[in-house]
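Chains, contacts and geometry: an overview
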Amino acid sequence: MLRLQGFYTGLPLWCCDSRVIYDTVMAGIWSEVWTLYLILALGTPDPSPASREKSHDFRRILLGLDKCNACIGTSICKKFFKDEIRFERWLTAQSNLSSADVRSYEGNYTDSTAGWRPVVLSQLMSPHLHEISDNSICTSAGKGKSCSIEAVLRATSRFQSWVRSNILLPSMVKGLVSPMLRCPSQRLLDRIVRRYFEVTDVGSVQMKHFSEKDKLRLLYTLAVNQHPLILQMFPGTEGWPFLRYHGSCGRMMAWAGSRPLRSLFNSPLERRADIVYQLLHITQSLSANSLQFSLYYTSVSEDMFGTLDDSRVFIVDASTIGIIDLQEGHSPDEDLLPEHLDVFSCLSGSCARPPPCETVRATQSFTLLCKHVLNKLLVPNDVQS
């Protein structure tokens, strides 16, 4: 009998020419391939309905959809559930997320215009701070540590003022600790509304097309973390040094991925000098631009910046950027009245308000940048060399 490369043909060698041998062997190979395919396709049952429901519930909790409308929005939820946005590392219900207190994850994003691209998938703040914030909402209404967060926030006098108004007014954000709201002008608030990505009709300064849930989501985001709003108000496509904002789902937001600035601290001097130059240029452009909005740093760390593959530097954390309207100016700082201090005033995990806008100096951003970042890029040995 003939054996060829481990396959038994079942035919005597003397009865076959080379073509018969080849056809017989290939038939045996394809038979085994189809058998394996049928085993994989038909022999492995689909996940049970209970298993699929458990996976769906885990995604909802991880994304924070179970807490909406005390969330950012739902603009890219379909992409999450269609697997067009994926976490770099597969997460399951057994993942030990709470102990690590992870706020952000690496991921990948795709759409009809391009292939897969790296993104950052991040919550507004860490799970631990979210839990403290949610508990504070419930206790503020005398509900203990468990309640309908949305119902409590809807019942506040601040939110009711939002419901009654179609214009976002300075009085409606007074007492919130977001740095960009320290001395808000009407022009700045109009830009927040006009560029708000999470509603279907973007471009109007009025909130007539906002549903009540849209207004609550915007107010919640302003109270907790301004970062996604800065990315929307000053997009990189218009020359601003911020990465592209893709959208949000629940309490999870997505923006373009980048390389941490600290990964370049040991680069050759020429490379680091270029980064320093870009950082100084970015800082200058934020304070002097055609829109007449002065964007300044209230605090700075190396984690605030990142680079792309083409070596361009961007701001990757805009949560601590303040804004002064150079065109309209700002009113003198005033003491807050009791009605301006409510549950929304401390949702970010801190009740500390940024210093008055009158105290901001033209050199403040450069001073903070030099003190906390540039000194790690240029060191004394560089001068000696």
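Let us look at the structure shown here. Computed from a predicted structure; not experimentally measured.

This next bit is on the overall build of the protein chain. Counting its regular elements, the protein chain contains 14 helices and 12 strands. Taking all 385 residues of the protein chain together, 43% fall into the buried category. Long-range contacts, defined as pairs at least 24 residues apart, comprise 67% of the intrachain contacts of the protein chain with a sequence gap of at least 6. Surface summary for the protein chain: the accessible area is close to 20400 Å², and the carbon and sulfur share equals 55%.

Here we come to the side chain of R217. In this structure, R217 sits in helix α10 (residues 212-224). Of note is the side chain of R217, whose polar atom sits 2.7 Å from the side chain of N69.

Here we come to α10. What sets the pattern is the α-helix's 3.6 residues per turn: residues three or four places apart point alike. Compared with the 18 Å implied by 1.5 Å per residue over 13 residues, the 18 Å span of α10 between its first and last C-alpha is a close match. Counting buried positions along α10 yields 11 of 13 residues, so the element is predominantly enclosed. Restricting attention to buried positions, one finds in α10 the residues D214, K215, L216, R217, L218, L219, Y220, T221, L222, A223 and V224.

Further remarks concern the state of the cysteines. Applying the stated criterion across every chain, the model contains 5 disulfides. One disulfide bridge connects C346 with C351, the sulfur atoms lying 1.9 Å from each other. Looking down the S-S bond of the C346 and C351 bridge, the torsion is 125°, so its handedness is right-handed. Looking at the protein chain, its bonded cysteines, counted consecutively from the start of the sequence, adopt the pairing 1-2, 3-7, 4-5, 6-10, 8-9.

Here we take up the sheet that holds strand β5 (residues 114-123). Pairing within the open sheet is antiparallel, and its 5 strands lie in the order β3-β4-β5-β7-β6. The open sheet is flanked by β3 (85-87) and β6 (245-249), the only strands paired with a single partner. Neighbour-to-neighbour, the strand axes of the sheet open up by a mean angle of 30°, direction not taken into account. Where β3 lies against strand β4 (residues 104-111), 3 bridges are found, and the strand directions are antiparallel. Counted as the bridge partner of F87 is G107 from β4.

Criteria and cut-off values
- Residues numbered from 1 in each chain as written.
- Predicted model: local features only at pLDDT ≥ 70, side-chain atom pairs only at ≥ 80, totals over all residues.
- Heavy atoms only, no water.
- Helix = DSSP H or I, 4+ residues; strand = E, 2+ residues; numbered from the N terminus.
- Buried < 20%, exposed > 50% of the residue type's maximum accessible area, 1.4 Å probe, protein only.
- Contact = heavy atoms within 4.5 Å.
- Areas by Shrake-Rupley, 256 points an atom, 1.4 Å probe, with all protein chains shown as cover.
- Polar contact = N/O pair within 3.5 Å; in protein donor to acceptor, adjacent residues only side chain to side chain.
- Expected span 1.5 Å × (residues − 1).
- Disulfide = S-S within 2.5 Å.
- Pairing = 2+ DSSP bridges.
- Axes fitted to C-alpha atoms, helices over the stretch in contact; angles between N-to-C directions.

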